[in-house]
Amino acid sequence: MRLQDVYMLNVKGLARGVFQRVTGSAVTDLYSPRRLFSLTADDCFQVGKVAYDMGDYYHAIPWLEEAVSLFRGSYGEWKTEDEASLEDALDHLAFAYFQAGNVSCALSLSREFLLYSPDNKRMARNVLKYEKLLAESPNQELAEAVIQRPNVPHLQTRDTYEGLCQTLGSQPTHYQIPSLYCSYETNSSPFLLLQPVRKEVMHLEPYVVLYHDFVSDSEAQKIRGLAEPWLQRSVVASGEKQLPVEYRISKSAWLKDTVDPMLVTLDHRIAALTGLDVQPPYAEYLQVVNYGIGGHYEPHFDHATSPTSPLYRMKSGNRVATFMIYLSSVEAGGATAFIYANFSVPVVKNAALFWWNLHRSGEGDGDTLHAGCPVLVGDKWVANKWIHEYGQEFRRPCSSSPED
Ligand SMILES: O=C(O)CCC(=O)C(=O)O
Ligand SMILES: [Fe+2]
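Now for a look at the structure at hand. From a predicted model like this one, the values you see are computed outputs, not experimental measurements.

1. Observations concerning the state of the cysteines
- Tallied over the entire structure, the rule returns one disulfide.
- Bridging Cys165 to Cys373, the disulfide has an S-S length of 2.1 Å. Its torsion about the S-S bond being -85°, the disulfide of Cys165 and Cys373 is classed as left-handed. Of the two residues, Cys165 is situated in helix α8 (residues 158–166) and Cys373 in the loop between β18 (370–372) and β19 (375–377); the sequence distance between them amounts to 208 residues. The residues Cys165 and Cys373 share a single accessibility class, namely buried.

2. Digging into the environment of Cys165
- Judged by its relative accessible area of 0%, Cys165 is buried.
- For the pair Cys165 and Ala337, spaced 172 residues apart in sequence, the C-alpha to C-alpha distance is 6.6 Å.
- Setting aside its immediate chain neighbours within four residues, Cys165 contacts Val6, Tyr7, Cys373 and Pro374.

3. Let's talk about the site of ligand 1
- Around ligand 1 sit Arg248, Tyr291, Tyr297, His300, Asp302, Met324, Thr336, His370, Gly372, Lys380, Asn384 and Trp386, and those are all the residues in its vicinity.
- In this structure, an oxygen atom belonging to ligand 1 sits 3.1 Å away from a side-chain N or O atom of Asp302.
- Side-chain polar atom of His370 to an oxygen atom of ligand 1: 3.0 Å apart, as the coordinates give it.
- Relative to its unbound accessible surface of 290 Å², ligand 1 loses 100% to contact with the protein.

4. Quick notes on the sheet that holds β18
- With antiparallel pairing, the five strands of this open sheet are ordered in space as β9-β12-β18-β15-β16. Every interior strand has two partners, whereas the edge strands, β9 (248–249) and β16 (343–345), have only one.
- Of the strands in this sheet, β12 (296–300), β15 (336–338), β16 and β18 touch α8, which is tilted by about 135° from β12.

5. A few points about the packing of aromatic side chains
- Inspection of every chain in the model, using the stated rule, returns twelve aromatic pairs.
- Ring geometry for Tyr52 versus Tyr57: centroids 5.9 Å apart, planes at 80°, classification edge-to-face.
- On the basis of relative accessible area, Tyr52 is assigned to the buried category, the value being 17%.
- Given the relative accessible area of 16%, Tyr57 is considered buried.
- Three or more aromatic residues joined by ring pairs make a cluster, and in this case those are Tyr52, Tyr57, Phe95, Phe98 and Tyr130.
- In this arrangement the basic side chain of Lys380 is found over the ring face of Tyr291, its NZ or CZ atom lying 4.6 Å from the centre.
- One Lys or Arg, Arg396, reaches over the ring of Trp356 and ends 4.0 Å from the middle of that ring.

6. Section: the coordination of the iron ion (ligand 2)
- Bound to the iron ion (ligand 2) are the protein donor atoms His300 (NE2), Asp302 (OD) and His370 (NE2), situated 2.1 Å from the metal.
- For the iron ion (ligand 2), the donor residues sit on a single chain with the sequence spacing H-x1-D-x67-H. Taken as a pair, His300 in strand β12 and His370 in strand β18 lie far apart in primary sequence, 70 residues in all. Accessibility assignment for this pair places His300 and His370 in one class, buried.

Conventions used here
- Residues numbered from 1 in each chain as written.
- Chains lettered and ligands numbered in written order.
- Predicted model: local features only at pLDDT ≥ 70, side-chain atom pairs only at ≥ 80, totals over all residues.
- Heavy atoms only, no water.
- Disulfide = S-S within 2.5 Å.
- Helix = DSSP H or I, 4+ residues; strand = E, 2+ residues; numbered from the N terminus.
- Buried < 20%, exposed > 50% of the residue type's maximum accessible area, 1.4 Å probe, protein only.
- Contact = heavy atoms within 4.5 Å.
- Near = heavy atom within 4 Å.
- Polar contact = N/O pair within 3.5 Å; in protein donor to acceptor, adjacent residues only side chain to side chain.
- Areas by Shrake-Rupley, 256 points an atom, 1.4 Å probe, with all protein chains shown as cover.
- Pairing = 2+ DSSP bridges.
- Axes fitted to C-alpha atoms, helices over the stretch in contact; angles between N-to-C directions.
- Phe/Tyr/Trp six-rings, centres within 6.5 Å; stacked < 30°, edge-to-face > 60°.
- Lys NZ or Arg CZ within 6 Å of the ring centre and 35° of its normal.
- Donors = N, O, S within 2.8 Å, 3.2 Å for Na, K, Ca; no water.

In short, geometric facts, not functional conclusions.
Structure, rendered in structure tokens:
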């Protein structure tokens, strides 16, 4: 349902196995599967039932509609794996419509139910109730109640966020801005002089750059393999505690440099490229993150915004910068969206995204609000290296100007 909302997918299409965004009359393919895997009536019923049980009729109705229409089409053909039937779907859909204020739909579906189960007393009572309601206020018949999508209270930036996720990172106008250029980065490091890294400036304020082929395929695979046995549901800082939350759905693991010498090499490469000190305690261990289908990280800041944040336990200040490596590709979805800066970066396997979270004054840069869009198809892996303020005093000198 999250995927359906964020990518504006239509239920009929999903049930047929296609991933299309439908806005008005425009239809865009977000993913073209090589083979169509369609959903059964029972599959659609199960999805609708999840929403129904939460009282979320906005999502329940289209899924139950699809279930009813598929069950109708195959009535009499009984599939052994089916848990539900046309009657179950009609029953749930009728009640969902009633709850949503559409009594006439509730009535006709209930009558249809009685054709198949004429002895059902509960349904017979419902039919009488709906008939009475309609007789009392005949306008109900016309009431095409529009149900609102359940609101996600903490996500005020939802529309911008979803728009940026839907474009899947393609923002052509950005490539027409001359200050956004590509170059070979050596950063005066002897290490990089021998093998420069291809740098793509994505945005200036906040400064966000993408380093292509920062790791090799085998390094990415190795990092994923090292983390895999340690993966656990991701948490976020909430006050002084760390908690699992709906707005961050992924698994993650911390990898100490002592786990494998390759991680030391990786640190040296990050240090050469950023010019920053990434030795503990000036940077955190590598955090490897895995998102499954529907996994996401809604808009957030990487730096602490409260003085009681557990991020300060390292006693090396706030997170001055983020260095995030894409350890996999994805088939669809999963872009990294910068909400206020209004751009998104597609998942580019082996590339690394770097940005400053803090101004030179030490103040958090509110324009770095960003998110990991839900994965539509695929298995997304990233690794975060969070670099702290202390240790960088001569590498990124501070400034009193709040703009710097
Ligand atoms: O997965 C992404 O694209 C973003 C991840 C992120 O922002 C984080 O882990 O803090
Ligand atoms: Fe983040």
